[in-house]
Amino acid sequence: MSARLDSNYRADALNTLGDNEIDVLVIGGGVVGAGAALDAAARGLTVTLVEARDFAAGTSSRSSKLIHGGLRYLEQLDFWLVREALKERGLLLHRLAPHLVRPVSFLLPLQHRVWERAYIGAGVALYDTIGGARALPMHRHLSHTRAMELAPALRDDAMIGAIRYFDAQVDDARHTMTIARTAAQHGATVLTRTKVTGLLRDGERVIGAHVTDVETGREYTVRARRVISATGIWTDEMNKMTGVEFPFHVRMSKGVHILVPRERLDLDTGLIMRTEKSVLFVIPWARHWIIGTTDTDWALDKNHPVASDADVQYILDHMNAVLREPLTRNDIVGTYAGLRPLLSGASADTATLSREHAVAEPVPGLFVIAGGKYTTYRVMAADVVDAAVKGLGRAAEPSVTEYLPLLGAVGYQELTADVNSVAQRAGLPVTTVEHLLGRYGSGVSELFDLIAAEPELAEPLPGAGEYLGAEVVYAVTHEGALHLDDVLTRRTRISIETADRGLTTAPAVAFLMGARLGWDAATTDREVTRYRERVEAELAANKASDDESANAARLVAVA
């Protein structure tokens, strides 16, 4: 049985919140917080996770969608980080989340003869082997002619040859939410829209937190033997709550991506190219390409980072330097910006700050995890839980998440191998079933049940035809979606995959959600209006010339 994070689950969880002292309270519903909740629950501990907004509402839904070791970190001689990340990549691909993580190939164009091929080739060869057993095909050196066959969109003089290698990609928001649901399946209580407003203290020791239900304003006191802060870019806010100096701080680096239609670039593989700051990826994403990222310091609103005109132009300029037919702003379907939580160091350049993570106990009872990469979330989670369980008063089991498939993983490969029969039994097109399997894995049977009960849920959503009505209903009945933005931006990616940012789809999604969440007409209209205002504010921000102007334009809308 899967964990149903529906409105009844939330109501029951809130009604009992604070009734008993628990072992671990996790603050933060990003990938590391969700991972920590799963890690602790799988060890047999009593766990509650609270998240002020939605699962993955911050950094964990705004990444490059890659599960990778970070090829450029080899050049920085950060072998330990690369090895760790590549081991995690293999686990996610083959054991933990094969339904959500899949291989993707990249072409690495070469600009200089002889030395560059030898130098970069040696690095990629190390990348193929440093993580242990090979999880993906080995890299290959390509001539100019063969490379151009894979990438006709590039100019003839864009490279003298190339190296093709493999990494992996993920829908980060769905993956994070699935970790949280898996934690719930193992007994954790996971709650969104529940904000920590203060820490509960017994002298110097942290023994819990004051929590407010954002939906109703009701306040709770949660007592916990250990509190874990996995708040990412909000780590310094947690610092202020403790009233003591942390051993580290987090700086924010903004990364911007754009989406363009798949047919706009004639490529049979992804691309990775060097820039003066970092690297630029062109990543296949269903019917689109994701292109990014940037790497600039950010010290403005943490909830709603946005791409400015300058960010978009930076990406277009670097892409157009190698394309036969330049991209224009009219080609851009979607744009998003995320903030990397970087452990602060001596350098003022965010591109050189550490992507490794740190765990600290700044005051007794409170354990803080910060830094790191999306790919290594499971290791980060295990590290902070290991620290928290020391001295708990009873023996806690070691972490088992290395062996623990996420919801939907078990049985996924068998269903994929028999997709034609699965589609026939479900009465759906094979392409639709393939789409569903790649998002829900073996949990697809629960969507089939919804469709069997209400056949109209098999209809595609207006303006976003690759998604079904059943997926909206499932987001409410199983995945904890409470607001329109939760579905359009994170349970699906309609907000960045459609040219109108999901405005055509929003009313139909609101109608389906409202029928399950008990919205009246006024509430439904308010959800649609709020979403429209958010889209308009983000589009206005994209036209602003700098970060300050873009930030001001985005903050016009509250959502």
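By convention here, each chain's residues receive numbers from 1 onward along its written sequence. Whole-chain, interface and lining totals are the exception, using all residues; otherwise, since this is a predicted model, local features are given only for residues with pLDDT of at least 70 and side-chain atom pairs are given and counted only at 80 or more. The side-chain values count all of the structure's non-hydrogen atoms but skip hydrogen atoms and water molecules.

## Side note on the confidence of the model for the protein chain
Line of reasoning, step 1. The quantity called pLDDT is the predictor's confidence in a given residue, expressed from 0 to 100. With 97% of its residues at a pLDDT of 70 or more, the protein chain shows a mean pLDDT of 93.
Line of reasoning, step 2. Whether two residues touch is decided by their heavy atoms; if any such pair falls within 4.5 Å, the residues are in contact. Low pLDDT, under 50, characterises residues 346-354; the stretch is placed with 23 contacts to residues that sit more than four places away or in other chains.

## Digging into the pattern of salt bridges
Line of reasoning, step 1. When a carboxyl oxygen of Asp or Glu is within 4 Å of a side-chain nitrogen of Lys or Arg, the pair counts as a salt bridge. By the definition in use, this model includes 35 salt bridges.
Line of reasoning, step 2. Close ionic contact of Asp-386 with Arg-43 constitutes a salt bridge, the shortest N to O distance being 2.8 Å. Separated by 343 residues along the polypeptide, Asp-386 in helix 10 (residues 377-389) and Arg-43 in the loop between helix 2 (31-42) and strand 2 (47-50) bring together distant segments of the chain.
Line of reasoning, step 3. Look at the salt bridges and you will find they share partners, linking Asp-54, Arg-193, Asp-485, Asp-486, Arg-490, Arg-491, Arg-534, Glu-538 and Arg-554 into a network. Only DSSP runs of H or I covering at least 4 residues are called helices, and only runs of E covering at least 2 are called strands; the numbering of each starts at the N terminus.

## Observations concerning the packing of aromatic side chains
Line of reasoning, step 1. We call Phe, Tyr and Trp rings a pair once their centres come within 6.5 Å, taking the six-membered ring for Trp, and we label the pair stacked below 30 degrees between planes, edge-to-face above 60, and tilted otherwise. Counted under the stated rule, the structure contains five aromatic pairs.
Line of reasoning, step 2. Among the aromatic side chains, those forming a connected cluster through ring pairs are Phe-106, Tyr-127, Tyr-165 and Phe-281.
Line of reasoning, step 3. The lysine or arginine in question, Arg-174, covers the ring of Tyr-440, its NZ or CZ lying 4.5 Å from the ring centre.
Line of reasoning, step 4. Positioned above the aromatic ring of Trp-289, the side-chain terminus of Arg-262 is 4.6 Å from the ring centre. The rule for a charge over a ring is simple: NZ of Lys or CZ of Arg within 6 Å of the ring centre, and within 35 degrees of the ring normal.

## Notes on unusual backbone geometry
Line of reasoning, step 1. Of note, the phi angle at Ala-56 is positive, near 60°, even though the residue is not glycine.
Line of reasoning, step 2. Among the secondary structure elements, Ala-56 is positioned in the loop between strand 2 and strand 3 (66-67).
Line of reasoning, step 3. Burial classes: relative accessible area under 20% of the type maximum marks a residue as buried, over 50% as exposed, and values in between as partly exposed (1.4 Å probe, protein chains only). With a relative accessible area of 1%, Ala-56 lands in the buried category.
Line of reasoning, step 4. If you check the backbone angles, Arg-501 has positive phi at about 60° while not being a glycine.
Line of reasoning, step 5. Looking at the secondary structure, you find Arg-501 in the loop between helix 17 (494-497) and helix 18 (506-517).

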